[in-house]
Amino acid sequence: MAGSDFGHAIGLPRALSGLPLSPLVGGYGELLASQQTLGLRHLGELLLPPGGRLRVLDGVFRVEGASRRHHVGTGVLRALRRDRPEPAAARLLERLTAIQQADPSALRRILLYQLVHLLQDHPQGHLPATAAGFGVDLAEAAALVHGAARRARLDAAQRAAAEALEDDVLGHRIRSAAALAAVLPPAGGDLPLAARLAELAARAAAADAALDAARRHEERGDPERARVRYEEAAALAGDCPRAVRGLVRTHRPDAEDPGSGALESALVPGGAELRWPPGDFGGLRWRVVRLTRGEPATAPLAEVAGQPGGGVLVDRGAGTGTEVRHVALPLRADGRVDGPPLIGPALSVAPAVTELSVDDGNGWIEASWTPAAGAARSEVTLTRPGGRTEELTAVRAGLRETLRAEGLEPGRYELAVRARYAPSHRAAGRGALSAAATARVTVHPWPAPVLTLTAAAREAGGVEFRRTGGEGAEVRLVEWPGGAPAEGTELRTSELPPPLTWTAPTWTPTAPTAPTAPTTPTPPAGAGSGGAVSVGLPPVGVLVTVSAVAVLGERALAGPGVLVEAPLPVTGLALRRTAPGEVEVTFDWPGATGTVTAAVTQDGRRTVFDVARSVFLREGLRLPVTPAAVRLDAYAAPRSARSVLAATAGDARAEVPADVAIAYELVPGSRRGLLRRGPAVLRVTVRAPGGAPGPDLPGFVLVARGDGGRDPQRPGGPAAGPAVCRVTGAELAAAAAAATAAGSGTGTVEREIDTAAAPGRPYALRGFLLGGSAASVRLEEPPLPSLVVR
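The shown structure was predicted, so the numbers you read here are calculated from the model rather than taken from an experiment.

Each value, and the rule that gives it
Residues numbered from 1 in each chain as written. Predicted model: local features only at pLDDT ≥ 70, side-chain atom pairs only at ≥ 80, totals over all residues. Heavy atoms only, no water. Pairing = 2+ DSSP bridges. Helix = DSSP H or I, 4+ residues; strand = E, 2+ residues; numbered from the N terminus. Axes fitted to C-alpha atoms, helices over the stretch in contact; angles between N-to-C directions. Buried < 20%, exposed > 50% of the residue type's maximum accessible area, 1.4 Å probe, protein only. Salt bridge = Lys/Arg side-chain N within 4 Å of Asp/Glu carboxyl O. Phe/Tyr/Trp six-rings, centres within 6.5 Å; stacked < 30°, edge-to-face > 60°. Lys NZ or Arg CZ within 6 Å of the ring centre and 35° of its normal. Core = buried A, V, L, I, M, F, W, Y, C linked by side-chain atoms within 4.5 Å. Contact = heavy atoms within 4.5 Å.

Engineer: Explanation requested: the sheet that holds strand E19 (residues 437–443) in the structure shown.
Structural biologist: Strand pairing in a sheet takes place through backbone hydrogen bonds and is either antiparallel or parallel in direction. Spatial strand order, E15-E14-E18-E19: 4 strands in an open sheet with antiparallel pairing. Edge strands, defined here as strands with exactly one partner in the open sheet, are strand E15 (389–392) and E19. With direction set aside, neighbouring strand axes in the sheet form an average angle of 25°. Bridge count for strand E14 (residues 377–383) against E15 is 4 bridges, and the pairing is antiparallel. Bridge pairing links Val380 to Leu392 in E15.

Engineer: Hey, could you run me through the environment of Ala132 in this one?
Structural biologist: Tracing the backbone through its elements, the reader meets Ala132 in helix H5 (residues 128–133). Judged by its relative accessible area of 27%, Ala132 is partly exposed. Through-space distance from the C-alpha of Ala132 to that of Arg53 is 8.3 Å; in sequence the pair is 79 residues apart.

Engineer: Is there a simple way to think about the pattern of salt bridges in this case?
Structural biologist: Two side chains that carry opposite charge are able to pair once their charged atoms sit near each other. Taken as a whole and judged by the stated rule, the model has 49 salt bridges. The closest approach of N and O atoms between Arg275 and Glu273, which form a salt bridge, is 3.1 Å. Residue classification places Arg275 among the partly exposed positions, given a relative accessible area of 39%. The partner of Glu781 in a salt bridge is Arg714, with the nearest N and O atoms 3.1 Å apart.

Engineer: Could you clarify how one ought to interpret the sheet that holds strand E30 (residues 595–602) in this entry?
Structural biologist: The strand order E31-E30-E33-E35 describes an open sheet built from 4 strands, whose pairing is antiparallel. Taken across any chain shown, the strands that pair with only one partner, and hence form the sheet edges, are strand E31 (605–612) and strand E35 (652–656). The sheet shows a mean angle of 20° between the axes of neighbouring strands, direction not considered.

Engineer: Explain the packing of aromatic side chains to me, please; I cannot follow it from the model alone.
Structural biologist: Centre-to-centre distance and the angle between the planes together describe a pair of aromatic rings. Scanning the model with the defined rule gives 6 aromatic pairs in all. For the pair Tyr28 and Tyr113, a centre-to-centre distance of 6.0 Å together with 85° between the ring planes defines the contact as edge-to-face. Taken together, the positions of Tyr28 in helix H1 (residues 28–37) and Tyr113 in helix H4 (residues 106–121) put the pair 85 residues apart, joining distant regions of the chain. Of the two residues examined, Tyr28 and Tyr113, each falls in the buried class. With a centroid separation of 5.4 Å and an interplanar angle of 35°, the aromatic rings of Trp589 and Phe616 are classed as tilted. One end of the pair, Trp589, is in the loop between strand E29 (582–588) and E30; the other, Phe616, is in helix H12 (residues 613–619), and 27 residues separate them in sequence. Each member of the pair, Trp589 together with Phe616, is buried. Three or more aromatic residues joined by ring pairs make a cluster, and in this case those are Phe587, Trp589 and Phe616. Its guanidinium or amino end placed over the ring of Phe61, Arg69 lies 4.6 Å from that ring's centre, counting from NZ or CZ. Geometry around Trp364 places Arg404 over its ring, the cationic atom sitting 4.1 Å from the centre.

Engineer: Which parts of the structure should I look at to understand the nonpolar core?
Structural biologist: Side chains that are nonpolar tend, in soluble globular proteins, to be buried together. Core analysis: the largest hydrophobic core is formed by 76 residues, its most contacted members being Leu31, Leu47, Leu107, Leu165 and Val327. At 9 residues, H4 tops the list of elements feeding residues into this core. Setting aside its immediate chain neighbours within four residues, Leu47 contacts Leu54, Val60, Arg62, Val72, Leu77, Leu80, Leu93, Leu107 and Leu111. Counting residues in each nonpolar core, the second largest holds 30 residues, with Ile662, Val727, Val749 and Ala758 among its members.

Structure, rendered in structure tokens:
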């Protein structure tokens, strides 16, 4: 119906007959991002004067007051740029100035495209007041609202295609642009869009015709002509996957043409590094695309962002575990492909493992490494000294993978570790395999272990050690500081403590030394399969674990150990009879020893007593005995029930002879009436219940002491007063012998006391034993009152 089309009755010259479906401007996405950063609903808000309005149907005008309007051209945009010092706004105005300068209709097209979408998305977008609210002049608001309602609504996918279309066209990505065009609705009254779509269709048809011709040449076996037609197709559609793959198939590098050289590619951390061949390419721009094995032949080309700097470009988008090939297409100034491409080799994007470390031991090697992210597993190959290879299996432990191979003979080995990646794009096969990370390691000969070690104290003093095992190795006896390592622990010779310093151990082989392989270090003299070695006494007071270590060159194996103890000696041992059936034992307690063993030998029998330190220091030690002679041996008990007690010379020993008691009494002189006439007599009696005493009995002396008072003091020692009577040891021994011969166990000697030597009355008497054996004889004293003379 007449008047139903947009602009029919507006009366404006060159009014739009159809609103735009696409902005048709390159870089629209960046433009939109800048606009949104500034918080603008549409770009016209950047152009609005304070309190003014915009007209957009017949060009872009700023309207001020009732009728003053100014066309927004490059001059106005530059002036606005000077008035907006903010960096974001200034950059956006510079971009709009460039767009307007290149195409005077582009700014109006962008504004109409944005305003239509704002109206279509607004719940009251059918009202002119809504358009006025966006800053549109009231004279155009109704017409704009009417046109927006009639224009096709674009969904999210169509809007994205409309805004990206011009970028693909300007970049000569015709296949991508054609795919976007297929999403859009019919252009209708949008004549510029219709012209652009017709141009796209023509270029795509021309590219298809060139591809068909190239395919026919290729099928006829004429790769040169096929290559020319593939280049033609690539020039028409720079993103055509069939054209690029055809160029790869028919490419024949020409040494005289620098543009036909090979593109080098290699894996680097974070991607694939591409290197251009040396040569002057005249500052060409390049489109670099990535082909992935296994993807469909018609799949869109993956373009590598950036331009080579110094002939180098890094592709950070290649998928891990894929096999790719890069193609660099030279471009003309307008972005068209111009000339033969540079084609790189097939590259497996499979990063190798890192931080590979290998250690060796007694018939084993152990390796660990860090696999790259995305690796499915690691494949490990071990090459033996003879060249034979075998596959090993690794295990994952956190971020590392490890393996251990055992039962290996001495020799040189090589380990190769490769990362295997899962197949991508449903491609057949086992997936990409990385380059090998290799390590060489030598498994060295190790000594045979010492199997057993025993120790025993020698009667002559010292310790004798015996061992089994350790064939062909030097076997050392060592004392480990701290705890000894477990048997079989693998060590380096530099880690060993020095050999025992008591004496240098010398093993006496009990079996012939095993023959030594040429690659095995020659063991020292005396190293055999077993034997005994004697060492001196360990330091007194030590409790030490002595271990056997088998040594071969720079390597050693920890062996068994034995606990050896050298207790402190008991010193100051002395015995004294304190009662008829008891002997008192005194000695100096040996250091921190917990228990001392006392062995009493009497009447041919041996009795052992264990004495605790606390009891001895608190109560002393008294042992029950018979009157016979007594011998006592004392030594420190071992601190551990497992220790071997090293024989020590001079364990404490003390003896006391058979029990001998000497008693004395004072016999008063004879009486006549009430007067005592005769001198007092000293009677000394020898009793020997343990048998006849020897001839070395002590002598006896009776000492007097008075102070002139009524209570005289007792003599404190044999020199504390005058001697009033003496009996020699020989006299006492003779009396005891005579008594024994007569069948009596008691001998008596009587002597008168020398009253002339006594002090004035009253005085007190006391007897004392004299001589070296006095300590072994008991002195029995009479009651004290009987020894006072008044």
